[in-house]
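If you want the building blocks of each chain, they are given just below.
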Amino acid sequence: MTKSESSGPGDAGHDYDVVISGSGLAGSAAAILLARRGVRVALLERRSDPEAYKVLCTHSITANAHPVLDELGLVPDLEKAGAVRNDARWYTRWGWIEPNAAHPGPELPHGYNVRRSTLDPLIRARAADTPGVELLTGHRVTGLVQEAGRTVGVRAATSRGEREIRARLVIGADGKDSAVAKFAGIPAEQYENARFGYLAHFRDLPLRGGIGQTWFLEPDMAYAFPNDDGVTVLAVLPDKKRLPAFRADPEGSFLDFVRALPEAPPVDSAERVTKFIGTVDYPLHSRRPTAPGIALIGDAALTGDPLWGVGCGWALQSAKWLA
Ligand SMILES: Cc1cc2nc3c(=O)[nH]c(=O)nc-3n(C[C@H](O)[C@H](O)[C@H](O)COP(=O)(O)OP(=O)(O)OC[C@H]3O[C@@H](n4cnc5c(N)ncnc54)[C@H](O)[C@@H]3O)c2cc1C
């Protein structure tokens, strides 16, 4: 069930077992899995549009996510939406590592390349349709309700003012800069990221073997992953020493970087279908994932290096472990 920003103070249903801040991958997965166990869940999302999605991601989802996607019942929908099994070739200083043919025997779990514009609305809609979950869009967590040293709810800003929502457990699934972690005063260990990153989506970008390509250039990195609807995401993660030159001309520097890759994909004949976006400072966080009345999952608990593309799988798995 979805309630939009029109939900305001005084509405019934402020009494939940669990309130979750953030309806991305971790929050939506946790909401579904908890509600299936009979838990009453308020799933709060600061953005008003239920189709909203995380833009800054290359959405190559590791195989450890497969059992969770399966349990959520999303695998058939992902296949139908055109999610691509994420086989890849890897360039290293010793040459290319090619994927082996599958071993005989039962099929192993595999990951997917699927755009967040496909995945995020899908999982959020599944959460909203799950009996026991109330999806409250346009609800930004702005504080915590605390009694006797324990968190017992959240305060949320809506278009109609602030409301208080009480619950037995507050889950912070609100990403790297987690509001729940901040308001609870949970410290983060922070690690510098020595790379920056830019990405864009392209059509008509053939890749050798028709599969993903990953370039380990030590220290620079690049990726090309085929996704749903014939779209390929191209990303570069260069060493920060290249940043001044990149900043001066992000588009030109991106294209030059791609053209110089071993077995470079033909970027000049491809059609770019999104803007170039990037992040020039992406420190990594690690937080203690519990406090009285609070649990953190996904990026809120641990923000890994985007280099390895493990964040989506971690978001889904940590939600399952918590449930
Ligand atoms: C450049 C880059 C490339 C990446 N590529 C990959 C990749 O290829 N593969 C991979 O697995 N991972 C990748 N990642 C990591 C991945 O994007 C994250 O790990 C993943 O999105 C984390 O999911 P999450 O649900 O924890 O958080 P998020 O997806 O960030 O979701 C958090 C949600 O909380 C909401 N929210 C935030 N604050 C509040 C608030 N105060 N109140 C209510 N709601 C709130 C947000 O609107 C959002 O919906 C990449 C990251 C970057 C930066």
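Residues numbered from 1 in each chain as written. Predicted model: local features only at pLDDT ≥ 70, side-chain atom pairs only at ≥ 80, totals over all residues. Heavy atoms only, no water.

1. Some details on the pairing of strand S14 (residues 197-203)
For S14, a buried count of six out of seven residues is recorded, marking the element as mostly surrounded by other parts of the structure. Where S14 meets strand S19 (residues 277-279), three bridges bridge the pair, whose relative direction is antiparallel. What sits directly across from Gly197, in S19, is Thr279. Pairing analysis gives two bridges linking S14 to strand S18 (residues 271-272), with the strands arranged antiparallel. Its bridge partner lying in S18, Arg203 is registered against Glu271. (Buried < 20%, exposed > 50% of the residue type's maximum accessible area, 1.4 Å probe, protein only. Helix = DSSP H or I, 4+ residues; strand = E, 2+ residues; numbered from the N terminus. Pairing = 2+ DSSP bridges.)

2. So, the packing of aromatic side chains
All told, the structure shown has eleven aromatic pairs when counted by the stated rule. An angle of 40° between the planes, with centres 5.6 Å apart, marks the rings of Phe216 and Trp308 as tilted. One end of the pair, Phe216, is in strand S15 (residues 212-216); the other, Trp308, is in the loop between strand S22 (294-296) and helix H8 (311-322), with 92 residues separating them in the sequence. Taken together through their ring pairs, the aromatic side chains of Phe196, Tyr198, Phe246 and Phe257 make up a single cluster. Geometry around Trp96 places Arg89 over its ring, the cationic atom sitting 3.9 Å from the centre. The ring of Tyr282 has Lys176 sitting right over it, with the charged end atom 4.9 Å from the ring centre. (Phe/Tyr/Trp six-rings, centres within 6.5 Å; stacked < 30°, edge-to-face > 60°. Lys NZ or Arg CZ within 6 Å of the ring centre and 35° of its normal.)

3. Here we look at the nonpolar core
By size, the foremost hydrophobic cluster in this structure holds 39 residues, and its most contacted members are Ile20, Val41, Leu69, Leu72, Leu78, Ile123 and Leu316. When residues in this core are grouped by element, the largest group, nine residues, is from helix H1 (residues 25-35). Membership of the second largest hydrophobic core comes to 21 residues, among which are Leu205, Ala222, Phe257 and Val267. (Core = buried A, V, L, I, M, F, W, Y, C linked by side-chain atoms within 4.5 Å.)

4. Describing helix H4 (residues 116-128)
An α-helical turn contains 3.6 residues, so a residue and the one three or four places further along point in the same direction. Look at H4: 18 Å from first C-alpha to last across 13 residues, which is about the 18 Å you get at 1.5 Å a residue. Within the sequence span of H4, burial applies to Arg116, Thr118, Leu119, Asp120, Pro121, Ile123, Arg124, Ala127 and Ala128. (Expected span 1.5 Å × (residues − 1).)

5. Topic: the environment of Gly161
With respect to the helices, strands and loops of the structure, Gly161 is situated in strand S12 (residues 161-172). Looking at Gly161, the relative accessible area reads 31%, which means it is partly exposed. Distance from Gly161 to Ala300, taken between C-alpha atoms, is 26 Å for residues 139 residues apart in sequence.

6. A short note on the domain arrangement of the protein chain
We note that the domain assignment places domain 1 (2-59 + 115-191 + 284-322) and domain 2 (197-279) within the protein chain. Centre-to-centre, using C-alpha coordinates, domain 1 lies 32 Å away from domain 2. Roughly 1,100 Å² is buried in total at the junction of domain 1 and domain 2, and carbon and sulfur atoms are behind 66% of that figure. Interface area lost by domain 1 to domain 2 is led by Thr58, Arg115 and Leu307, which between them contribute 55%. Counting across the interface, domain 1 meets domain 2 through two salt bridges. The salt bridge involving Asp228 is made with Arg115; its shortest N-O contact spans 3.0 Å. The interface formed by domain 1 and domain 2 includes six residue pairs in polar contact (both at pLDDT 80 or more). (Domains from an automatic or database assignment. Buried area = accessible area lost by both parts, 1.4 Å probe. Salt bridge = Lys/Arg side-chain N within 4 Å of Asp/Glu carboxyl O. Polar contact = N/O pair within 3.5 Å; in protein donor to acceptor, adjacent residues only side chain to side chain.)

7. Things to note about the state of the cysteines
Counted according to the given criterion, the structure contains zero disulfides. Looking at Cys57, it has no disulfide partner, and the nearest cysteine sulfur is the one in Cys312, 4.0 Å off. What makes Cys312 buried here is its relative accessible area of 8%. (Disulfide = S-S within 2.5 Å.)

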